[in-house]
Amino acid sequence: MSDTFIYHDCMAYEFTKYKDTGALHWKEMKSRSVFVFNAHQDARYRVALEALGDLTGKTVVDLGAGDGALTSLLARKAGRVIAVDNEAKGLELAQKIFEEEKLQAEFVLGRVEKVPLADAMCDAVVSCDVIEHLDDYAAHVAEIARILKPGGIAVVTTPYRICETPAPFHTHEFFPSELRDLAVPHFTSVVVHETHHMFWNAFYNYRPRTLRGIHLGRILVNIMTLWLGVNPFLKDSSTRKKRDYYTQLTMRAVK
């Protein structure tokens, strides 16, 4: 593992969440507390890893790696892992935790719309809930294809476009067809599937009017996931019924 970051041209805009909350993704991934664990995130990571398939001996790039929570899961499966993000604080947190966990990865500070890596240098790329934050999301998809070897796999996750107005800090959200259309010019095979059923998404964010400080829905779903081993967010659209709606997209594309 490198002891210092590789610095490249970075975006001027910077999130402050890592300065404000620290390694939040790690905390929500590792905690066994029903008050802290994040079942929504857990399902997103599981779906992404399943879509990537067997990573043994392969080179994987995690674009928009943040504090490295997902990167750590990749590091336990792949031969070589490279984490790219435009925020130094997130990568600093990631590197510190990787050292504590005795995990190996390379950390690169750079833009995910202009990735500072060579052409055709990796076997797989994952971009987990990153594309919705970008102005130039088409460039991001093109860059994913550029750094992939022929036959390489790209996995992109992002929220489903439910409303006309994107959520805070999102520049654009996608319909399945929009995401597919972005990828088709660059890949030989593109499949987009839906997860995170709308009912469970709404329930997860439910707080009773009389107990506004208690995230009752989140606690109950976390109990299902941690204690019963059933994460309801993993239900996907493969058995969709008439009024089933989903809130998360996962695209798997082969170059």
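Computed from a predicted structure; not experimentally measured.

J.: Please give an account of the pattern of salt bridges that cites residues and values.
T.: Counted according to the given criterion, the structure contains 12 salt bridges. In this structure, the salt-bridge partner of R80 is E106, at a minimum N-O distance of 2.7 Å. Of this pair, R80 sits in strand β3 (residues 80-85) while E106 sits in strand β4 (residues 106-109); the two residues are 26 residues apart in sequence, bridging distant segments of the chain. Classification of R80 as partly exposed rests on a relative accessible area of 35%. For K149, the salt bridge goes to D123, with nearest N and O atoms at 3.4 Å. Of this pair, K149 sits in strand β6 (residues 148-159) while D123 sits in strand β5 (residues 122-128), and the two are 26 residues apart along the sequence. Given the relative accessible area of 33%, K149 is considered partly exposed. Through salt bridges with shared partners, one network takes in D119, E143 and R146.

J.: I'd like a description of the packing of helix α3 (residues 39-52) against helix α9 (residues 216-227), backed by residues and values.
T.: One can describe the packing of α3 onto α9 by two numbers: an axis separation of 9 Å at closest approach and a directional angle of 45°. On the basis of their axis angle, the class for α3 and α9 is oblique. Counted together, A39, D42 and R46 of α3 and V221, N222 and T225 of α9 form the full contact between these two elements. The residue makeup of the contact of α3 with α9, split by class, is 2 nonpolar, 2 polar and 2 charged.

J.: Requested: an account of unusual backbone geometry, with residues and values cited.
T.: Although it is not a glycine, K102 sits at a positive phi angle of roughly 60°. The phi angle at H196 is positive, at roughly 60°, despite the residue not being glycine. With respect to the helices, strands and loops of the structure, H196 is situated in strand β7 (residues 189-197).

J.: If you had to explain the environment of L234 to someone new, which residues and values would you point to?
T.: Within the fold, L234 resides in the loop between α9 and β8 (246-254). Note on L234: relative accessible area 30%, which makes it partly exposed. For the pair formed by L234 and V34, sequence separation is 200 residues and the distance between their alpha carbons is 18 Å. Other than its neighbours up to four places away in sequence, L234 contacts A43, R46 and V47.

J.: Describe the layout of surface pockets, and please don't skip the residues or the numbers.
T.: Taking a probe equal in size to a water molecule and rolling it over the atoms shows the remaining empty space. Each pocket or cavity is described by its volume, and for the second largest pocket that value is around 200 Å³. Taken together, 14 residues form the lining of the second largest pocket, with M29, R32, F37, D42 and L73 sitting closest to its centre. Put simply, the parts of the chain that give the lining of the second largest pocket at least two residues each are α2 (24-30), α3 and α9. The greatest single-element share of the lining of the second largest pocket, amounting to 5 residues, is contributed by α3. When its residues are assigned to classes, the lining of the second largest pocket shows 6 nonpolar, 3 polar and 5 charged.

About the cut-offs
- Residues numbered from 1 in each chain as written.
- Predicted model: local features only at pLDDT ≥ 70, side-chain atom pairs only at ≥ 80, totals over all residues.
- Heavy atoms only, no water.
- Salt bridge = Lys/Arg side-chain N within 4 Å of Asp/Glu carboxyl O.
- Helix = DSSP H or I, 4+ residues; strand = E, 2+ residues; numbered from the N terminus.
- Buried < 20%, exposed > 50% of the residue type's maximum accessible area, 1.4 Å probe, protein only.
- Axes fitted to C-alpha atoms, helices over the stretch in contact; angles between N-to-C directions.
- Parallel < 35°, antiparallel > 145°, perpendicular 65-115°, else oblique.
- Contact = heavy atoms within 4.5 Å.
- Nonpolar A, V, L, I, M, F, W, Y, C, P; charged D, E, K, R; others polar.
- 1 Å grid on protein atoms, 1.4 Å probe; cavity = no way out; pocket = protein on both sides within 12 Å on 5 of 7 lines; lining within 4 Å.
- Points joined across faces, edges and corners; volume = space filled by probe spheres on them.

Coordinates in, geometry out; function isn't part of it.
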